[in-house]
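For reference, the chains in residue letters:
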Amino acid sequence: RLRRVDIEASDLDSWLDGNIVRNRRYGHAVRDLEYILHTEDVAAAFLAAQGTNIGGVVAPSSKALESWLEVLARLECMDPQLRRADNMAHVEYMSNRWLFAFNFSLNVASASEIAIRRCLDPPDTTYKRAAIIHHGLPAVCAALLKFHTSRMLHDPNTKEESEEDVLRKTRNSQHWRLRSDGLGLNFDVTLLPVSLHLPLTRFLVLLALRISDEDDEDSLEILFPSAKAWSSPLTSLINSARLLLSINEQSNESNEDIVRRALGIALMEPALRALAYCAHVSAGMWSRNGPIAMSSCFYYSSPPSCHSLRDIDLAAVQIAATVLPPDAIIQGILRAFCVSLENDDTRFDQNVRGTLLASAIECVCILVTEMPGPQKAAEASVRRELIHALAVGPRRHSELVTIVSALSNSRGLRWPIAPLLEVIAFRQNELWELKQEVGIREYDPCFPRLQRPAHQKALDRLASWRKEQKLPVVPPPPAARTIFAATRSRLLCCATTHRLLLAGLTTSLPVLEVRSRAIHLATLLAYENQCSDQVLASLRAAKDHDLGKLYNQGLDWLLSTFGEDIESKKIKTSVEISALPSKQKKCDTARRKVIEQMTKRQEKFAATLEAEEIKSSPILAPSITKQKKCDTVRRRVMEQMAKRQANFAATLKTEDEKSSLEGPSLPVVAPSSTEDDDMNISCIVCSSSNANETLCFIGFAQRSVHLSR
């Protein structure tokens, strides 16, 4: 029975606190499975149909794959996190369960990646690919839809045994609530539990990308095959898709379209929730949950774990964009990130809203830039990774090897880095330094595998490298597969993206990063030759804001690209002053004359002081006279203090002589050559050196403020 997550009803993840998961005793079983999958043709037989002969290895019973999919389904959406609202108390106890869940999820993801990577190893790649398409891919799709139907209220495959089950299913039904257009779900990340663990969804994404034909324009049939390409029964799969989309049997929509739309939503929604969760944590909305939220987001979006988590979630949204309308994808991003283009959202303050808007625009930029590329573009992928690693600062060769190895293990890329380093960098004191012309031309401010502090260091370095010239903020996106290149164009040219760009350029929110991300998105639109009069007017208005050297030059490049001459408009003034150009010119001329006169007077005064120490201009004479008087008074005071000190010393000497004549005579001490004998211990008050008398000590004691409270 597939698990159904509901942290309010019962704790379904208590097994994460057991000794097996806590002490990582599952590692030996996972390593054994990986060893078996590394054997030749075993991975292909694991995903192929029963009885298929692949390289002499006959595919076993389909229960092997079904058992693995059931394990992945049990881990899907495990360890969900529920946001503590502003009116709730701060979390008091922080468990380490999230860490155990991440360790377990990464180990399972490693086994899944090995199975998918080795399933199409030569020879007989075409035969293996056809066998997996006919059995493995539909089985994984059916398991994903079955998982989501098991969380709905009207699941025919699950029998309610008690009122508790009914309550759990009622609460779980809120995880799949279709929008009115049927192209997405109504899910609020701030109110419902969110999980970063999606092993079943990611398994389907990796399998679809692995078996898709990168040179075929009709790859859509491979990513989401039609019923004609599948030999296995599709009754349960179609029923699950109809149930999820609330479609009756009288609908005119074909079964293939229903399955594709259901799979597109099932891939897009959980991935967007995880991406939006990290954006909300960065905006400070999860601060009452303690450091667990920040730590989990760091592991989710930082290398090397991001290759198995965040990057695959981005690919899930990109695959969903091949079957869903582009406006549905962008609207899903805005809905998940809690962004309203009408500025009618009053749940958060302006800083939070501005941060979320910037994160949503950044997500769109990454989504259209990081499209899956062909296998022949492996060199370009490794080159791009090295450039952004070196843009932060000089690196050792071992550090670069580690960075590229993490990318190679996740994507199966094998490319020597030595020839690439000779082209993009130069060696200095055993460190590789990025060439300035390469960094200026190919650096991407939204590169996903660099954290925000690293991007800030890279931007500071590029600002010092760039000269005063018009350069784009971001280079053209890298090459993508045929179907994903078309998807990129559709996403950039849709109406919702246009509205999002205008909202970012014309926003009044006090977050400077919003306009920077909007200029980044506008640059990507420029590469698609898409620009309207409204966007051009908004870009001109953005010149009134200082966005930094990099983005200011990028804005100049955009305006010049769209036919705008900006060289004569370097002086930034307010709207009222810009309406009176003649008055402004007169004020500038008068101000310039005053500054020149003041400069000449200062130079003349400095020359006069060098020639004559006392002489000065009549205007400054009173101040010099006053200074002389101050010096004279200061000199007199110092002389009086010196006389008083001399008189006081003479008085002390007289009193010492009187006391020596009237009092008892001091004992005569024989001279000694040692230091200890030369030291005479005497009282600091009465100057008595009699050892039998008590020495006095006088000190000032103040009442303690802290102890008297």
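1. Looking at the overall build of the chain
When helices and strands are tallied, the chain shows 29 helices and 4 strands. Scored against the burial criterion, the 709 residues of the chain give a buried share of 46%. Across the chain, contacts joining residues at least 24 apart in sequence account for 74% of those joining residues at least 6 apart.

2. Re the packing of helix 2 (residues 27-37) against helix 5 (residues 97-118)
Viewed as axis vectors pointing N to C, helix 2 and helix 5 meet at an angle of 5°, and their least axial separation amounts to 9 Å. Judged on the interaxial angle alone, helix 5 and helix 2 are roughly parallel. The residues of helix 5 that touch helix 2, namely those facing V30, R31, L33, E34 and L37, are N107, S110, A111, I114, A115 and R118. Across the contact of helix 2 with helix 5, the residue classes tally to 6 nonpolar, 2 polar and 3 charged.

3. A look at a nonpolar patch on the surface
A cluster of nonpolar residues, V633, V637, M638 and M641, forms a patch on the protein surface that exposes about 360 Å² of accessible area. Structurally, the position occupied by V633 is in helix 28 (residues 621-662).

4. Some points on the environment of D460
Note that D460 resides in helix 20 (residues 452-465). In this structure D460 comes out as partly exposed when scored by relative accessible area, which is 48%. Spatially, the C-alpha atoms of D460 and V392 are 9.1 Å apart, while their sequence positions differ by 68 residues.

5. Some remarks on unusual backbone geometry
Geometrically, the link from P303 to P304 is a cis peptide bond, its omega value of 0° lying close to zero. Mapped onto the elements, P304 comes out in the loop between helix 12 (291-301) and helix 13 (310-320). Despite not being glycine, D79 has its phi angle at roughly 50°, a positive value. Inspection of the secondary structure puts D79 in the loop between helix 4 (63-75) and helix 5. Judged by its relative accessible area of 9%, D79 falls in the buried class.

6. Some words on the confidence of the model for the chain
The predicted model of the chain averages 77 in pLDDT, with 72% of residues at 70 or higher. Within the chain, helix 26 (residues 575-578) has the poorest average pLDDT of any element, 39, and helix 13 the best, 95. This stretch, residues 214-220, has a pLDDT under 50; its non-local contacts, to residues over four places away or in other chains, come to 13 contacts. Note on residues 564-580: pLDDT is under 50 here. Beyond four places in sequence and across chains, it has 11 contacts.

7. Considerations on the nonpolar core
Counting 177 residues, the largest nonpolar core has Y277, I329, I333, F337 and L386 as the members making the most contacts within it. Among the elements that line this core, the one with the most residues is helix 11 (residues 255-282), at 17 residues. Setting aside its immediate chain neighbours within four residues, Y277 contacts Q81, V189, V194, L196, W286, A293, S296 and C297.

8. A few points about the side chain of R517
Along the chain, R517 turns up in helix 23 (residues 512-527). For R517, a relative accessible area of 8% gives the class buried. Reaching out from R517, the side chain makes a polar contact with the side chain of Y551 at a distance of 3.1 Å. In contact with R517, other than residues within four places in its own chain, are A358, I361, E362, C365, P445, C446, R452 and Y551.

9. Focus on the packing of aromatic side chains
Tallying each qualifying case throughout the model produces 8 aromatic pairs. Judged by centre distance (5.9 Å) and plane angle (55°), the rings of W98 and Y299 are tilted. Residue W98 is located in helix 5, and its partner Y299 is located in helix 12; the two are separated by 201 residues in the primary sequence. Consider the rings of F298 and Y299, whose centres lie 6.1 Å apart with planes at 85°: the pair is edge-to-face. Here Y299 falls in the partly exposed class, since its relative accessible area comes to 39%. By the ring-pair criterion, three or more aromatic residues cluster together here, those being W98, F102, F298 and Y299. Positioned over the ring face of F187 is R273, at 3.6 Å from the centre of the ring.

10. A few points about the pattern of salt bridges
Scanning all chains against the criterion turns up 22 salt bridges. A salt bridge links R461 to E433; the shortest N-O distance between them is 2.1 Å. Placement of R461 in helix 20 and of E433 in strand 4 (residues 431-434) is noted, with a sequence separation of 28 residues between them. Pair check on accessibility: R461 and E433 agree, each one buried. A salt bridge links E513 to R452, with the nearest nitrogen and oxygen atoms 2.7 Å apart. Of this pair, E513 sits in helix 23 while R452 sits in helix 20, and the two are 61 residues apart along the sequence. According to the relative accessible area criterion, E513 is partly exposed, its value standing at 22%.

What counts as what
Residues numbered from 1 in each chain as written. Predicted model: local features only at pLDDT ≥ 70, side-chain atom pairs only at ≥ 80, totals over all residues. Heavy atoms only, no water. Helix = DSSP H or I, 4+ residues; strand = E, 2+ residues; numbered from the N terminus. Buried < 20%, exposed > 50% of the residue type's maximum accessible area, 1.4 Å probe, protein only. Contact = heavy atoms within 4.5 Å. Axes fitted to C-alpha atoms, helices over the stretch in contact; angles between N-to-C directions. Parallel < 35°, antiparallel > 145°, perpendicular 65-115°, else oblique. Nonpolar A, V, L, I, M, F, W, Y, C, P; charged D, E, K, R; others polar. Patch = residues over 30% accessible without salt bridge, like charges linked within 9 Å, V, L, I, M, F, W, Y side chains within 5 Å. Areas by Shrake-Rupley, 256 points an atom, 1.4 Å probe, with all protein chains shown as cover. Salt bridge = Lys/Arg side-chain N within 4 Å of Asp/Glu carboxyl O. pLDDT = per-residue confidence, 0-100. Core = buried A, V, L, I, M, F, W, Y, C linked by side-chain atoms within 4.5 Å. Polar contact = N/O pair within 3.5 Å; in protein donor to acceptor, adjacent residues only side chain to side chain. Phe/Tyr/Trp six-rings, centres within 6.5 Å; stacked < 30°, edge-to-face > 60°. Lys NZ or Arg CZ within 6 Å of the ring centre and 35° of its normal.

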